[in-house]
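What follows is each chain in one-letter form.
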2 protein chains.
Amino acid sequence: MKTIGVGIIGFGTVGCGVARLLLEDGDRLAAATGCRPVLKYVCDIDLKRPRPVAVPKELLTDQADRVLADPDVAVVVETVGGATFAVDLMKKALAAGKDVVTANKAALAQRGPELFDAARRAGRSISFEASVAAGIPIIRAIRDGLVANRLTALTGILNGTCNYILTQMSSTGASYAGALAEAQARGYAEADPTLDVSGEDTRHKLAILAGLAFGAEIALDDVYVEGIAGIDPSDIAYGAQLGYVLKLLAIARYVDGAMSLRVHPTFVPAGSPMATVSGVDNAVLVTGHAVGNTFYVGPGAGMMPTASSIVADIIDAGIGRAQLTAQHMAWLAGRRATLPILPLREIRSRYYLQFDVRDQSGVLAAIAGVLGRHKISVASVLQHEPMQPECVPLVITTHEAREGDVAAALEEIQRLPVLAGRMVRIRMLAPNQGARA
Amino acid sequence: MKTIGVGIIGFGTVGCGVARLLLEDGDRLAAATGCRPVLKYVCDIDLKRPRPVAVPKELLTDQADRVLADPDVAVVVETVGGATFAVDLMKKALAAGKDVVTANKAALAQRGPELFDAARRAGRSISFEASVAAGIPIIRAIRDGLVANRLTALTGILNGTCNYILTQMSSTGASYAGALAEAQARGYAEADPTLDVSGEDTRHKLAILAGLAFGAEIALDDVYVEGIAGIDPSDIAYGAQLGYVLKLLAIARYVDGAMSLRVHPTFVPAGSPMATVSGVDNAVLVTGHAVGNTFYVGPGAGMMPTASSIVADIIDAGIGRAQLTAQHMAWLAGRRATLPILPLREIRSRYYLQFDVRDQSGVLAAIAGVLGRHKISVASVLQHEPMQPECVPLVITTHEAREGDVAAALEEIQRLPVLAGRMVRIRMLAPNQGARA
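Residues numbered from 1 in each chain as written. Chains lettered and ligands numbered in written order. Predicted model: local features only at pLDDT ≥ 70, side-chain atom pairs only at ≥ 80, totals over all residues. Heavy atoms only, no water.

**Regarding the overall build of chain A**
Right, on to step 1. Scanning chain A for helices and strands turns up 15 helices and 17 strands.
Right, on to step 2. Taking 22 Å as the expected radius of gyration for a compact globule of 437 residues, we find that chain A reaches 24 Å, a close match to that expectation.
Right, on to step 3. With respect to the three principal axes, the spread of C-alpha positions in chain A is 80 × 45 × 35 Å.
Right, on to step 4. In chain A, which comprises 437 residues, the share counted as buried stands at 61%.
Right, on to step 5. Pairs at least 24 apart in sequence give 74% of the contacts found in chain A among residues at least 6 apart.
Right, on to step 6. When the accessible surface of chain A is summed, it comes to about 15600 Å², and 52% of that surface belongs to carbon and sulfur atoms. (Helix = DSSP H or I, 4+ residues; strand = E, 2+ residues; numbered from the N terminus. Rg over C-alpha atoms; globule rule 2.2 N^0.38 Å. Buried < 20%, exposed > 50% of the residue type's maximum accessible area, 1.4 Å probe, protein only. Contact = heavy atoms within 4.5 Å. Areas by Shrake-Rupley, 256 points an atom, 1.4 Å probe, with all protein chains shown as cover.)

Following this line, the structure appears as structure tokens:
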């Protein structure tokens with residue numbers, strides 16, 4: 001039977017998961033795939049820290065060069081992270097004739113084409129199923145299973161931390177700060193949660209998925225991003241009254257030859273599959289011209305779900321499929337399109353608008369008047385009887401409107417004397433925009 | 001660029017979809033995959049019938065042997081259907097050195113191993129993404145994306161006709177006959193719907209998925225099956241009052257070295273992702289030891305969703321991945337396990353029980369007494385005030401119990417004088433049995 005030597009560089013949580021699967025499940029993997037993955041090295045600069053997996057001492061090293069120089073290593077698993085040292089390491093591994101498997105979304109989102117080109121020059125492959133939505137085989141679904149389709153839309157929940165926080169706020173009425181603290185206590189959020197809650201992590205993942213789906217070169221700056229830190233529990237509660245659930249969505253649309261790429265809090269209809277994705281789960285809705293909508297849900301993070309995808313990529317390299325994929329598929333093989341980006345002001349969406357207004361006559365007429373002059377049509381209005389007359393929450397949802405018109409209307413409403421406090425704008429997903437699988 | 005000649009045998013709905021994709025999207029497919037699929041033949045015994053796609057006359061033939069004899073045909077798409085002529089055809093195509101792509105679930109469920117062995121002897125591949133859940137790339141998810149996992153459970157909605165009928169009954173209160181007539185009027189059900197509503201079609205698909213997931217040899221008779229024809233709208237309504245939605249589920253479990261394989265109407269919790277799968281959509285929840293739960297939803301039938309998966313398989317054969325898959329993966333490469341089947345009486349499930357009883361004292365005590373003696377614990381009771389005292393519907397749900405115990409208890413209750421009419425038993429999915437992704 002064919003064997004394939006594996007060197008793991010980066011002995012953190014994910015590296016531990018990969019080592020555990022290879023050590024504990026080697027026989028089963030060999031029987032299932034006709035190819036035995038053999039762990040040759042686990043490399044890290046810090047080998048002293050306690051780990052949740054027992055790796056035989058002779059496999060441990062702090063010398064990455066030793067891993068790269070060993071001809072018995074056919075696949076290098078890069079679980080270091082970051083877009084500098086890790087990228088150099090992957091390029092060295094490729095140049096040394098190794099196939100590379102990685103979960104590194106930052107490296108792929110920022111320097112993916114450079115890495116793919118290095119793989120092509122070396123005649124090797126770089127596989128990255130674990131970089132987006134951890135355990136969900138979404139890269140394979142888009143790249144292989146749906147390859148016959150012209151893909152027109154991706155809509156995803158790609159960050160488990162944010163989804164956990166929003167789920168907690170929805171189900172318990174917790175504040176953002178309270179839900180974040182809970183997420184930190186459970187290990188679902190970092191001590192510094194900025195990368196997750198700012199939407200930046202989701203942005204990385206959307207850049208990868210959209211690049212693959214549209215076969216396009218995408219710069220991170222092409223992706224508009226809004227995080228969840230400003231979300232008030234009252235908006236989640238008003239949304240619930242209207243039949244909507246708040247999610248941080250990653251959205252990619254291919255419209256008339258241009259791409260709309262964005263990450264922002266979004267209300268999704270409560271009955272839709274996307275609304276049922278709770279806690280740290282991730283989900284992606286993929287729309288293609290032949291297949292229609294397909295929907296994928298699963299764990300978006302975690303040691304073993306991430307390792308599940310990395311080991312699948314190791315097997316793919318071991319039996320030779322990864323190399324064929326790298327040679328053929330447009331985005332990986334260097335045939336990438338440059339597509340224009342649809343400016344944010346040109347997108348069309350439904351909107352949830354919330355205004356703190358004074359309880360006096362003519363308020364609704366004034367606000368509705370501004371909206372009407374900007375060609376924004378009101379879909380529903382929610383105003384409860386006032387508790388404090390000086391500050392009444394008014395909620396308006398709109399039919400589909402142009403983002404630029406909404407921005408102009410809000411700027412005008414901001415100057416109205418009836419406005420007594422905050423003004424909130426949250427985009428909404430209409431059922432026909434892909435909320436249903 | 002590499003080109004790959006394709007011969008379609010069977011010019012029905014699915015064959016039309018494949019022809020359309022290849023004829024209309026050839027350039028795009030070539031650019032995306034580095035491999036140009038070229039339609040060489042469309043073969044059918046009846047070429048006169050009008051079709052929804054215009055195939056150039058010179059590609060049409062009624063001689064399957066001509067397709068098999070042409071060295072320019074590298075891939076044969078079998079869209080004839082059935083487990084006799086089609087199987088012979090696929091074996092001839094493999095022997096002639098062609099790779100085969102098929103959507104034929106009957107052939108694979110009944111004679112899969114025979115076909116895989118023929119492919120192995122010929123050094124070719126047989127791919128069948130379209131045979132289960134049409135457009136959802138569920139075969140690739142199980143075979144490639146989740147290959148690192150010991151898979152322990154599959155739970156699926158695999159028949160769009162049944163799901164449409166049950167969705168209609170739930171949302172409109174229609175009778176089974178009414179919903180079936182509606183499905184037939186919309187083209188979602190055949191004039192003779194037996195294959196679908198009996199659960200037989202779902203059984204075929206479960207046999208394929210479970211064989212692949214567990215790497216096992218599965219006979220159709222190993223799969224217990226109950227269809228939906230006996231479902232009464234009142235049970236759907238009582239289930240809804242208790243927070244459950246009725247689905248025809250395909251269930252495969254790997255428990256202590258044995259397989260439990262079954263198809264039956266099942267109540268799933270209303271808030272679960274599975275409950276949101278409506279109309280003709282299909283869905284599969286896959287559980288693995290490393291990844292946990294992943295969930296897949298999409299179109300389970302239709303010309304273009306099915307063609308989407310077939311063309312993905314053509315590309316896989318064209319770039320050489322399908323052959324590597326066929327050589328390596330246990331179920332395809334002839335390394336199939338023989339696993340015992342857990343007898344139905346030994347499964348554990350929750351149960352929905354409905355009894356038409358007389359409105360007299362002691363009824364509940366009598367029934368609950370029988371259940372208790374058989375170690376069946378009551379979870380909830382639903383009994384509305386009687387409209388007709390001679391026949392009151394009593395609904396009882398149970399905690400997890402052994403099927404054999406429930407059967408024995410029901411046999412005993414059947415003989416009680418308090419029973420005035422029908423007695424219904426429907427299995428329920430508990431959240432911990434995989435209702436959540």
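What follows picks up the thread again.
**Section: the side chain of B:S308**
Right, on to step 1. Relative to the assigned elements, B:S308 resides in helix α12 (residues 303–319).
Right, on to step 2. When near neighbours in sequence (up to four residues on either side) are disregarded, B:S308 contacts A:G145, A:L146, A:A148, A:N149, A:A290, A:V291 and B:L21.

**Overview of the packing of aromatic side chains**
Right, on to step 1. Under the definition given, this model contains 14 aromatic pairs over all chains.
Right, on to step 2. In textbook terms, an aromatic cluster arises when at least three aromatic residues are bridged by ring pairs, as seen for A:F116, A:F128 and A:W331. (Phe/Tyr/Trp six-rings, centres within 6.5 Å; stacked < 30°, edge-to-face > 60°.)

**Considering a nonpolar patch on the surface**
Right, on to step 1. On the surface, a cluster of nonpolar side chains totalling about 210 Å² of accessible area is made up of A:L364, A:V378 and A:V381.
Right, on to step 2. The residue A:V378 is located in strand β14 (residues 378–382) in this model. (Patch = residues over 30% accessible without salt bridge, like charges linked within 9 Å, V, L, I, M, F, W, Y side chains within 5 Å. Salt bridge = Lys/Arg side-chain N within 4 Å of Asp/Glu carboxyl O.)

**As for helix α8 (residues 176–185) of chain B**
Residue and element names in this part refer to chain B.
Right, on to step 1. Those residues of α8 that sit buried are Y176, A179, L180 and A183. Buried positions in α8, seen along its axis, are confined to an arc of 100 degrees and lie on one side of it. With respect to the buried face of α8, the exposed residues turned more than 90 degrees away are A177 and A185.
Right, on to step 2. Buried positions along α8 lie against α7 (160–172) and α9 (194–197). (Arc of directions from axis to C-beta.)

**With respect to the relation of the copies chain B and chain A**
Right, on to step 1. Mapping chain B onto chain A calls for a rotation angle of 180 degrees and an axial translation of 0.0 Å; the resulting RMSD is 0.0 Å. The relationship between the two copies is best expressed as a two-fold rotation axis. Ranked by how close their C-alpha atoms come to the rotation axis, the residues of chain B are headed by B:Y296, at 2.4 Å.
Right, on to step 2. An overlap of 100% is found between the interface residues of chain B and their copies at the interface of chain A, pointing to a shared contact surface. (Least-squares fit on C-alpha atoms with pLDDT ≥ 70 in both.)

**What to know about the pairing of strand β7 (residues 151–157) of chain B**
Residues and elements named next belong to chain B.
Right, on to step 1. Within β7, six of the seven residues are buried, which leaves it mostly tucked inside the rest of the structure.
Right, on to step 2. With six bridges joining them, β7 and strand β11 (residues 281–288) adopt antiparallel strand pairing. Directly across from A153, in β11, lies its bridge partner T287.
Right, on to step 3. Bridging between β7 and strand β9 (residues 244–255) involves four bridges; their strand directions are antiparallel. The residue bridging G156 from the neighbouring strand is A250, located in β9. (Pairing = 2+ DSSP bridges.)

**Brief notes about the packing of helix α7 (residues 160–172) of chain A against helix α8 (residues 176–185) of chain A**
All names here are of chain A.
Right, on to step 1. It is at 9 Å that the axes of α7 and α8 come closest, and there the two elements cross at 125 degrees. By the angle between their axes, α7 is oblique relative to α8. α7 and α8 meet at a crossing whose hand is right-handed. Residues Y164, I165, Q168 and M169 of α7 touch α8, and the partners they reach there are Y176, A179, L180, E182 and A183.
Right, on to step 2. Looking at side-chain class alone, the contact of α7 with α8 contains seven nonpolar, one polar and one charged residues. (Axes fitted to C-alpha atoms, helices over the stretch in contact; angles between N-to-C directions. Parallel < 35°, antiparallel > 145°, perpendicular 65-115°, else oblique. Left-handed = near helix turned anticlockwise from the far one by under 90°. Nonpolar A, V, L, I, M, F, W, Y, C, P; charged D, E, K, R; others polar.)

**Here's the deal with the interface of chain B and chain A**
Right, on to step 1. Taken together, the 53 residues of chain B in the interface contact 53 residues of chain A.
Right, on to step 2. Across the chain B/chain A interface, buried area totals approximately 4200 Å², and carbon plus sulfur atoms make up 58% of it.
Right, on to step 3. When residues of chain B are sorted by the area they lose upon contact with chain A, B:A148, B:R321 and B:H328 head the list and together hold 14% of the total.
Right, on to step 4. Run the count over chain B and chain A and you get two salt bridges.
Right, on to step 5. Across the salt bridge formed by B:D144 and A:R321, the nearest N and O atoms sit 3.1 Å from each other.
Right, on to step 6. On inspection of chain B and its partner chain A, the count reaches 18 residue pairs in polar contact (both at pLDDT 80 or more). (Buried area = accessible area lost by both parts, 1.4 Å probe. Polar contact = N/O pair within 3.5 Å; in protein donor to acceptor, adjacent residues only side chain to side chain.)

**Quick notes on the domain arrangement of chain A**
Right, on to step 1. In terms of domains, chain A is made up of domain 1 (2–134 + 305–328), domain 2 (148–300) and domain 3 (346–430).
Right, on to step 2. For domain 1 of chain A and domain 3 of chain A, the distance between their C-alpha centres works out to 51 Å. (Domains from an automatic or database assignment.)

**Section: the side chain of A:N104**
Residues and elements named next belong to chain A.
Right, on to step 1. One can find N104 in the loop between β5 (99–102) and α5 (105–122).
Right, on to step 2. One polar contact links the side chain of N104 to the main-chain amide nitrogen of A106, over a distance of 3.3 Å.
Right, on to step 3. In this structure the side chain of N104 is engaged in a polar contact, spanning 2.8 Å, whose partner is the backbone nitrogen of A107.
Right, on to step 4. Ignoring sequence-local partners within four residues, the contact set of N104 consists of E78, G81, G82, A86, M90 and S131.

**Points about helix α15 (residues 403–414) of chain B**
All names here are of chain B.
Right, on to step 1. In this model, α15 (12 residues) spans 16 Å end to end at C-alpha, consistent with the 16 Å of a helix rising 1.5 Å per residue.
Right, on to step 2. Three or more residues of α15 are buried, namely E403, G404, D405, V406, A409, L410 and I413.
Right, on to step 3. Contact partners of the buried residues in α15: β13 (348–357), α14 (363–373), β16 (401–402) and β17 (419–428). (Expected span 1.5 Å × (residues − 1).)

**Focus on the confidence of the model for chain A**
Right, on to step 1. Considering every residue of chain A, the mean pLDDT works out to 95; 98% of them sit at 70 or more.
Right, on to step 2. The complex model carries a pTM of 0.96, and its ipTM stands at 0.96. (pLDDT = per-residue confidence, 0-100.)

**Description of the sheet that holds strand β3 (residues 60–61) of chain B**
All names here are of chain B.
Right, on to step 1. The strand order across the open sheet formed by six strands is β3-β2-β1-β4-β5-β6, and the pairing between neighbours is parallel. Single-partner strands in this sheet number two, and they are β3 and β6 (126–127).
Right, on to step 2. Sheet topology places strand β2 (residues 35–43) next to β3; two bridges connect them, and they run parallel. Across the sheet, the residue bridging to C43 is T61, located in β3.
Right, on to step 3. In this fold helix α1 (residues 13–24) packs onto β1 (2–9) and β2, with an angle of close to 140 degrees to the strand it touches most, β2.

**Topic: the pattern of salt bridges**
Residues and elements named next belong to chain A.
Right, on to step 1. Tallying each qualifying case throughout the model produces 62 salt bridges over all chains.
Right, on to step 2. For K105, the salt bridge identified is with D201, shortest N-O distance 3.4 Å. Of this pair, K105 sits in helix α5 while D201 sits in helix α10 (residues 200–214), and the two are 96 residues apart along the sequence.
Right, on to step 3. Look at D201 and you get buried, because its relative accessible area is 3%.

**Details of the environment of A:L47**
Residue and element names in this part refer to chain A.
Right, on to step 1. Mapped onto the secondary structure, L47 falls in the loop between β2 (35–43) and β3 (60–61).
Right, on to step 2. A C-alpha to C-alpha distance of 37 Å links L47 and V225, two positions 178 residues apart in sequence.
Right, on to step 3. If near-sequence neighbours (up to four positions away) are discounted, L47 is found in contact with F11, V42, L60, T61 and D62.

**Topic: the pairing of strand β11 (residues 281–288) of chain A**
Look at any regular strand and the pattern is simple: side chains alternate between the two faces of the sheet.
Residues and elements named next belong to chain A.
Right, on to step 1. Taken across its eight residues, β11 has eight buried, putting it largely inside the fold.
Right, on to step 2. Burial along β11 is two-sided: the residues D281, A283, L285 and T287 and N282, V284, V286 and G288 are all buried.
Right, on to step 3. Relative to strand β12 (residues 292–299), β11 runs antiparallel, the two being bridged by eight bridges. Bridged to L285 within β12 is F295.
Right, on to step 4. The antiparallel pairing of β11 with β12 creates a hairpin that spans three residues between the two strands.

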